[in-house]
Amino acid sequence: MRFNSSLPYPVLNKENDNYLASLFEVEVKAEKSFGQVKLEMFCSLENEGIEKLIEEGKAAFVMHIECPQTSYRSIVKSNVPRLSAQINDQQLRGKMEIRPFIIATTTIENYTNMQLNDFYRDLPLTFEKGNMLATAEAIDIILHEESTETQNLPSIITVRRVEKSEHMNIQMSSDQILIELPKAIYDKYAEYAGSRLKDTILATVFTPCLVDVFHILKEDTTGYEDYKWYQVLVQIFDNNNIPFSQVLDGTVPVIQAVQLVLRNPLEKAFNEIEKLIKEED
């Protein structure tokens, strides 16, 4: 979304001379991690009059986020020069456009500013709620697709049937994590794993097993580092900007790490259940 710079009132922007000795610039940082795109915008403002309006709650910093390919739009407002947002990456594709500006949050009558260009000094100025006071250059962020090969957990986890066992168990001494299910449970898993409750079934089986795996690794990784499943887990976390060492030292709690690597399994499960219940009503 591009904004019209030819407005009938002064706007602080580096492309015009509406204000003297003034500045509004931003820096945007984006990080993709476990299905979420995290944005942070840091604002630099040099204009005492606009700064005072923000302090009084009459104006605010705004980060406008748009993805042209998916039509996703969002606005974040703040009275401090640091804004953040977190977006599900399924809502985004190709690139995001970030447009920073400062808006009036209420009607501002008889607007004055000592740094206004002489042309505006003696004019009666009113800003309506939502009018722009300042804009900065739009920033495009290219979204790179993840490598599906290294992000594919099922490639390192195998579920198998065990005839004489009565309880679920895990084996970690091979290139894949083996989840062993008693025959009766495995038969139900095999029947329903591809159904409309697929994510619910996977969450029920994978979540407790990965919790166990991570707790074992926290105690000692010796003997596991050479296995493919271990290396893929390390790569998954590294690719998502969280060192796997933070899981091992407890900086990232085990239960949180499991939810990250499974991409919010509870949310997916309850969404499936909710959808099924609504269809039955």
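Residues numbered from 1 in each chain as written. Predicted model: local features only at pLDDT ≥ 70, side-chain atom pairs only at ≥ 80, totals over all residues. Heavy atoms only, no water.

**Student:** Even after reading the chapter, I still don't get the sheet that holds strand β10 (residues 169–171), so can you show me in this structure?
**Tutor:** Sheet strands line up and pair through hydrogen bonds in the backbone, either parallel or antiparallel. Across the sheet, three strands lie side by side as β9-β11-β10; this open sheet has mixed pairing. The two strands at the open ends of the sheet, each matched to only one other strand, are β9 (157–162) and β10. Across the sheet, the mean angle separating the axes of adjacent strands is 30° when strand polarity is ignored. Of the pairings in the sheet, the one linking β10 to strand β11 (residues 177–182) comprises three bridges and is antiparallel in character. (Pairing = 2+ DSSP bridges. Helix = DSSP H or I, 4+ residues; strand = E, 2+ residues; numbered from the N terminus. Axes fitted to C-alpha atoms, helices over the stretch in contact; angles between N-to-C directions.)

**Student:** It is not clear to me how the nonpolar core should be interpreted in this structure. Could you clarify?
**Tutor:** Counting residues in hydrophobic clusters, the biggest one holds 40 residues, and the most contacted among them are Ile65, Met96 and Ile102. Within the residue set of this core, elements represented by two or more residues are β1 (23–33), β2 (36–46), α1 (48–55), β3 (59–67), β4 (72–78), β5 (82–88), β6 (95–104) and β7 (132–135). Apart from residues no more than four positions distant in its own chain, isoleucine 65 is found in contact with Leu39, Tyr72, Arg73, Ser74, Val76, Ala85, Ile87, Met96, Glu97 and Ile98. Membership of the second largest hydrophobic core comes to 35 residues, among which are Val159, Phe206, Leu217 and Ile236. (Core = buried A, V, L, I, M, F, W, Y, C linked by side-chain atoms within 4.5 Å. Buried < 20%, exposed > 50% of the residue type's maximum accessible area, 1.4 Å probe, protein only. Contact = heavy atoms within 4.5 Å.)

**Student:** What is the right way to read the confidence of the model for the protein chain from this model?
**Tutor:** Low pLDDT means the predicted coordinates in that region are not meant to be read closely. On average, residues of the protein chain score 87 in pLDDT, and 94% of them reach the 70 mark or higher. Looking at the elements of the protein chain, mean pLDDT is at its lowest for helix α3 (residues 148–151), recorded as 42, and at its highest for α1, recorded as 96. pLDDT under 50 marks residues 147–151. Its contacts with residues more than four places away, or in other chains, come to 10 contacts. (pLDDT = per-residue confidence, 0-100.)

**Student:** Just checking my understanding: could you explain the packing of aromatic side chains for this structure?
**Tutor:** Aromatic ring pairs are described here by two measures, namely the spacing of the ring centres and the angle between the planes. This model, assessed by the stated rule, comprises 11 aromatic pairs. Ring centres of tyrosine 186 and tyrosine 189 lie 6.2 Å apart, and the angle between their planes is 40°; this geometry places the pair in the tilted category. Taken together, the positions of tyrosine 186 and tyrosine 189, both in helix α4 (residues 183–192) and three residues apart, correspond to about one turn of that helix. The class of tyrosine 186 is partly exposed, set by a relative accessible area of 23%. Taking the relative accessible area as the measure of exposure, tyrosine 189 reaches 16% and is therefore buried. (Phe/Tyr/Trp six-rings, centres within 6.5 Å; stacked < 30°, edge-to-face > 60°.)

**Student:** I keep staring at the side chain of glutamine 115 and nothing clicks. Help me out?
**Tutor:** Inspection of the secondary structure assignment puts glutamine 115 in the loop between β6 and α2 (118–121). The exposure class assigned to glutamine 115 is buried, which follows from its relative accessible area of 19%. Among the polar contacts made by the side chain of glutamine 115, one reaches the side chain of serine 22 at a distance of 3.4 Å. Beyond its immediate sequence surroundings of up to four residues, glutamine 115 is in contact with Asn18, Tyr19, Leu20, Ala21, Ser22, Glu46, Asn47, Glu48 and Gly49. (Polar contact = N/O pair within 3.5 Å; in protein donor to acceptor, adjacent residues only side chain to side chain.)

**Student:** Can you walk me through helix α8 (residues 254–261) in this structure?
**Tutor:** Of the positions making up α8, those classed as buried are Val254, Ala257, Val258 and Val261. Buried residues of α8, seen end-on, are gathered within an arc of 100° and therefore sit on one face of the element. Trailing α8 by a residue or two, arginine 263 shows a phi angle of about 60°, which is positive. (Arc of directions from axis to C-beta.)

**Student:** Could you clarify how one ought to interpret the pattern of salt bridges in this entry?
**Tutor:** Note that side chains of opposite charge can pair when their charged atoms are close. The final tally for this structure, using the stated rule, is 10 salt bridges. One salt bridge in this structure joins aspartate 187 and arginine 161, with 3.6 Å as the shortest N-O distance. With aspartate 187 in helix α4 and arginine 161 in strand β9, this pair connects stretches of sequence that are 26 residues apart. The exposure class assigned to aspartate 187 is partly exposed, which follows from its relative accessible area of 31%. Using a relative accessible area of 40% as the deciding quantity, one classes arginine 161 as partly exposed. For aspartate 187, the salt bridge identified is with lysine 183, shortest N-O distance 3.1 Å. Here aspartate 187 pairs with lysine 183, and both are found in helix α4, just four residues apart, close to one helical turn. (Salt bridge = Lys/Arg side-chain N within 4 Å of Asp/Glu carboxyl O.)

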